[in-house]
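Observations on the model geometry
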Amino acid sequence: MNTSAVVPQSRYLQCEGREIHFMDWAPAPGVPESTPVIAWHGLARTGRDMDPLAAYLSALGHRVICPDTIGRGLSQWSPTPDTEYCLAFYARIATALVDQLGVASFHWVGTSMGGAIGMVCAAGPLQGRIQRLVLNDIGPKLADAAVERIRSYAGNPASFATVGELEQYFRTIYKPYGFLTDAQWKLLTESSTRRLPNGRVTPHYDPAMVMQFTQHPADYELWEAYDRIHIPVLCLRGAESDLLLADTAEAMRDRGPRALVVTIAGCGHAPALNVPEQLDLVQRFLAGVH
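Residues numbered from 1 in each chain as written. Predicted model: local features only at pLDDT ≥ 70, side-chain atom pairs only at ≥ 80, totals over all residues. Heavy atoms only, no water.

**Observations concerning the nonpolar core**
The biggest cluster of nonpolar side chains holds 75 residues, and the ones touching the most others in it are Leu87, Trp108, Leu133 and Ile229. For this core, the element with the highest residue contribution is helix α3 (residues 87–101), accounting for 10 residues. If we ignore the near neighbours within four places in the chain, the residues touching Leu133 are Trp108, Gly118, Met119, Ala122, Ile229, Ile231, Pro232, Val233, Leu234 and Phe285. With 25 residues, the next largest nonpolar core counts Ala28, Ala39, Leu236 and Val282 among its residues. (Core = buried A, V, L, I, M, F, W, Y, C linked by side-chain atoms within 4.5 Å. Buried < 20%, exposed > 50% of the residue type's maximum accessible area, 1.4 Å probe, protein only. Helix = DSSP H or I, 4+ residues; strand = E, 2+ residues; numbered from the N terminus. Contact = heavy atoms within 4.5 Å.)

**Quick word on the packing of helix α1 (residues 51–59) against helix α11 (residues 276–286)**
Relative placement of two packed helices is described by the angle separating their axes and the distance separating the axes. In contact at an axis separation of 10 Å, α1 and α11 are set at 50 degrees when each is read in the N-to-C sense. For the element pair α1 / α11, the angle class is oblique. Where α1 crosses over α11, the handedness of that crossing is right-handed. Facing α1, whose interface residues are Pro52, Leu53, Tyr56 and Leu57, α11 presents Leu279, Asp280, Val282, Gln283 and Leu286. Among the residues making up the contact of α1 with α11, the classes are represented as 7 nonpolar, 1 polar and 1 charged. (Axes fitted to C-alpha atoms, helices over the stretch in contact; angles between N-to-C directions. Parallel < 35°, antiparallel > 145°, perpendicular 65-115°, else oblique. Left-handed = near helix turned anticlockwise from the far one by under 90°. Nonpolar A, V, L, I, M, F, W, Y, C, P; charged D, E, K, R; others polar.)

**Let's talk about helix α7 (residues 182–190)**
The set of residues buried in α7 consists of Trp185, Leu188 and Thr189. What you see down the axis of α7 is that its buried residues fit within an arc of 95 degrees, all on one side. Across from the buried face of α7, at angles greater than 90 degrees, the exposed residues are Ala183 and Glu190. (Arc of directions from axis to C-beta.)

**Re the side chain of Ser191**
Take Ser191: it is sitting in the loop between α7 and β7 (193–195). Judged by its relative accessible area of 16%, Ser191 falls in the buried class. In terms of polar contacts, Ser191 uses its side chain to reach the backbone carbonyl oxygen of Leu188, at 3.4 Å. Not counting residues up to four positions away in its chain, the partners in contact with Ser191 are Thr46 and Arg48. (Polar contact = N/O pair within 3.5 Å; in protein donor to acceptor, adjacent residues only side chain to side chain.)

**Re the pairing of strand β3 (residues 37–40)**
Covered by surrounding structure in β3 are Val37 and Ala39 together with Ile38 and Trp40, the residues of both alternating faces. Here β3 pairs with strand β4 (residues 64–67) via 2 bridges, running parallel. Bridge assignment links Val37 to a residue of β4, and that residue is Val64. The β-α-β motif built from β3, the intervening α1 and the parallel element β4 has right-handed crossover chirality. Two strands pair when backbone bridges link them, and β3 and strand β5 (residues 106–111) are joined in this way by 4 bridges, in the parallel orientation. Counterpart to Ala39 in the pairing with β5 is Val109. (Pairing = 2+ DSSP bridges. Right-handed = clockwise from strand over helix to strand, strands pointing away.)

**A word on α11**
Each turn of an α-helix holds 3.6 residues, which means side chains three or four residues apart point in the same direction. Those residues of α11 that sit buried are Gln278, Leu279, Val282, Gln283, Phe285 and Leu286. Buried residues in α11, looked at end-on, bunch into an arc of 165 degrees, giving them a common side. Summarising the geometry of α11, the exposed residues directed more than 90 degrees from the buried face are Pro276 and Glu277. Those residues of α11 that are buried lie in contact with β3, α1, β5, β6 (130–136), β9 (233–238) and β10 (260–264). Gly288 lies just past α11 and shows a positive phi near 80 degrees.

**Describing the UniProt feature "domain: AB hydrolase-1" (unreviewed entry) in the protein**
Within this numbering scheme, the UniProt entry marks residues 36–271 as carrying the feature "domain: AB hydrolase-1" (unreviewed entry). In residues 36–271, the share of helix is 38% and the share of strand is 16%. The end C-alpha atoms are 22 Å apart. (UniProt positions renumbered as here; feature names shortened; annotations may be inferred.)

Listed below in structure tokens is the structure:
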């Protein structure tokens with residue numbers, strides 16, 4: 001498959017009064033168009049994490065929209081972090097984004113927090129518009145130990161003298177993503193690097209986004225929302241995930257939309273969606289091939 005002809009646009013829109021950045025991948029020319037896809041990243045990451053998936057799907061005819069959540073990447077930081085860094089506000093931003101883009105019906109692929117936003121949207125403001133939902137190592141209940149681990153580093157991001165040192169840090173904390181090429185590690189680093197006033201570099205997000213866990217402690221308790229979802233759901237669980245425990249994934253098979261759960265070997269939290277086996281799995285699900 002040749003994905004070199006697909007060049008995404010870097011775009012900005014005002015959503016709920018905040019400037020939101022997103023990468024907009026058009027369907028490859030000459031390919032029959034398929035249902036658009038919203039691909040949403042994880043808690044402390046950016047939409048550029050979805051580049052491999054977006055390149056793959058756009059080459060098959062999907063338009064793929066990869067936002068930076070408010071407070072991450074090139075999107076605006078919230079002036080009221082205690083009220084806006086929460087799933088309800090992220091869902092409002094998502095709704096405003098697809099409304100302005102005129103995307104009436106679409107699939108949703110969400111990694112970690114991006115999947116939680118997808119669950120909230122599919123059960124509420126975007127019910128009937130999301131056709132298929134992929135939850136990448138996320139469920140309606142999170143393991144407490146993993147939440148504490150994430151809070152410990154996300155709320156106090158490390159800083160380094162060089163981008164090379166930051167890359168080594170990312171290679172350590174994101175080792176559970178599984179295999180990434182050197183080029184993919186470089187992209188992951190360069191697309192989420194912010195230089196501080198003292199010249200050091202740090203991950204490109206607002207540390208205050210961790211207030212979600214203190215100001216909205218029940219934000220990720222989503223069984224009620226999950227049970228209201230009535231569309232096909234694919235749940236990818238990293239075999240070594242400490243966030244989505246096996247018993248939660250099993251429960252997801254048995255209630256609500258009765259998700260198709262697939263365990264991804266060699267990964268923890270969360271699979272990077274960057275290798276052929278994972279990309280093909282997502283594509284086949286979105287195409288209705290099980």
